[in-house]
Amino acid sequence: MKWVRLLFALLISSGLLLLAACQEEPLIENVSVAPETISPNADGRDDLANISFKLNRNANVALYFYDDTGMRYVFRSPTPLSLNDEPYTVLFPGVVDGFTLPDDGDVPYAIERRVLPDGMYTWEIVAENETDGEVKVTGTLKVENADTQLPGITGFSVYPKEFSPNQDGLNDRVRINAFLEKDVEELQVYMLDEEGVRHHIAEDQQSETPLNEAGFHTFDYDGGIDAGAEPPPDGTYTVYAEARDLVGQRTKVSDTLTLVNAGRPLAYILNAEVEWSTETTMQLNETLYFTLTVENDGNTPIRTSGPAAGAVYESDQNYATLGETIQAGVFRVGIHCENATINYPWRWAIGKEEDLVEIDDQLYLPPDERAVVSGGIRFVNVSDARNPQYCWAGLIHEDVEIAPVNNNVDPLFLRIVEP
């Protein structure tokens, strides 16, 4: 029985030693912050402090700094970390979550990240779990020669506040202005939709201030439509401008923007067919008539303007002589003949008034609608340069494009003879 008691005593002793060993292993250990002095000014010398620690059990870990008044600055909010054989390391650039100072005044931007002012700070690493509770490790860090000038954004504006990216020539673009108070590493402007997707807005290439330098910056937004993209759906969005300097400080401003009637315009001459009033030949002073159908195959209304469908031109006239100049974004049906001196000199609205709807005093063909267009040209002279000549129809999106599918539609080989 003596050896049994001895064995039992040894087992108890070993268990106690093992338990003691387990209990002696702290939740967090080998904590270091080096160097003890940093100068966060992006000059490449002592800009960063290396923070390292070993975590022996799973825990939420946070990193804070305190100034001599006891004010707390957050570098890392509590973050779940798991047991790891290798130490955790993080570089501290002297920048913490945004805060304000008494001398800031009423700034027109949000401060999201900011560098600590010069001074002595107490750093605190807090590890916490249900078993160990809260464990804190502290030390000191000196900050000197910090670049504390914020990358402020002033004069932020979005105009117009409502726009319709649909290439109709009216309120198709938005101008966004921002003034940078210092040179930055990055200035970006974007629109955020309801799903959290960012729509990047490029800086205007005509902006006089070089990219990311202090000064006035202008951004131009068309909903992506000029690049062939489908613009975001109608609705009210938030537009943000964010600036980040070389130290890592970050500011942000915002405003709202409303999209209406957004969409890529898609329209065609139905079946690429034109009904001509003659097949080959007509006499001088007779009128060449045509009839075709325009289909709006897109999801946005398309704008149009006169001359009204049904109008008849003299061959020596054009749209300008009838008082209708080119209007950016307008769709018109055009007829062109090889002897014409300008492109598509004879043009018509893409439907009669009863086919169209009025939006802000402008006429539009609604989505998924068709309109019949007819008109005529009375040939009052004949050119010796080319007779017969080809004539054809086109659907013109003025100052935007004549899509290949809408150009040179259903050509007619026409000979004009004198009576």
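Look a little higher up for the structure.
Just so it is clear, the structure is predicted and the values come from calculations on it, not from any experiment. Position numbers for residues count from 1 along each chain, tracking the sequence in the order it is written. Local features in this predicted model are restricted to residues whose pLDDT is 70 or higher, and side-chain atom pairs enter the listing and the counts only when it is 80 or higher, whereas totals over whole chains, interfaces and linings include all residues. Remark: hydrogens and water are excluded; side-chain values derive from all non-hydrogen atoms of the structure.

### Some thoughts on the packing of aromatic side chains
Phase 1 of the analysis: Only Phe, Tyr and Trp rings take part, Trp by its six-membered ring, and two of them pair if their centres are within 6.5 Å. Stacked means planes under 30 degrees apart, edge-to-face means over 60, and tilted covers everything else. Across all of its chains, the model carries eleven aromatic pairs by this definition.
Phase 2 of the analysis: Ring geometry for Y313 against W348: centres 5.1 Å apart, planes inclined by 85°, an arrangement best described as edge-to-face. With Y313 in strand β24 (residues 312–314) and W348 in strand β26 (residues 346–348), the pair connects residues that are 35 residues apart, well separated along the chain.
Phase 3 of the analysis: Only protein chains enter the area calculation, which uses a 1.4 Å probe; residues under 20% of their type maximum are buried, those over 50% are exposed, and those in between are partly exposed. For W348, a relative accessible area of 0% corresponds to the buried category.
Phase 4 of the analysis: Seen from their ring centres, W346 and F379 are 6.2 Å apart, and the 75° between their planes marks the pair as edge-to-face. Taken as a pair, W346 in strand β26 and F379 in the loop between β29 (370–378) and β30 (389–397) lie far apart in primary sequence, 33 residues in all. Only DSSP runs of H or I with at least four residues qualify as helices, and only runs of E with at least two residues qualify as strands; both kinds are numbered from the N terminus onward.

### Quick look at empty space enclosed by the protein
Phase 1 of the analysis: Cavities and pockets were defined on a 1 Å grid built from protein atoms only: a cavity is a group of points that admits a 1.4 Å probe but offers it no way out, a pocket is an open group of points flanked by protein on both sides within 12 Å along at least five of seven lines, and a lining residue is one with an atom within 4 Å of any such point. Grid points are joined across faces, edges and corners, and a volume is the space filled by probe spheres set on the points. Taken as a whole, this structure holds one cavity of 30 Å³ or more when the rule is applied.
Phase 2 of the analysis: If you add up the space inside the largest cavity, you get close to 30 Å³.
Phase 3 of the analysis: V33, I51, L63, Y64, F65, W123, E124 and I125 are the residues that line the largest cavity.
Phase 4 of the analysis: Looking at the lining of the largest cavity, the elements with two or more residues in it are β4 (59–66) and β9 (119–129).
Phase 5 of the analysis: Charged residues are taken to be Asp, Glu, Lys and Arg, nonpolar residues to be Ala, Val, Leu, Ile, Met, Phe, Trp, Tyr, Cys and Pro, and polar residues to be all remaining types, Gly included. Residue composition of the lining of the largest cavity, by class: seven nonpolar, no polar and one charged.

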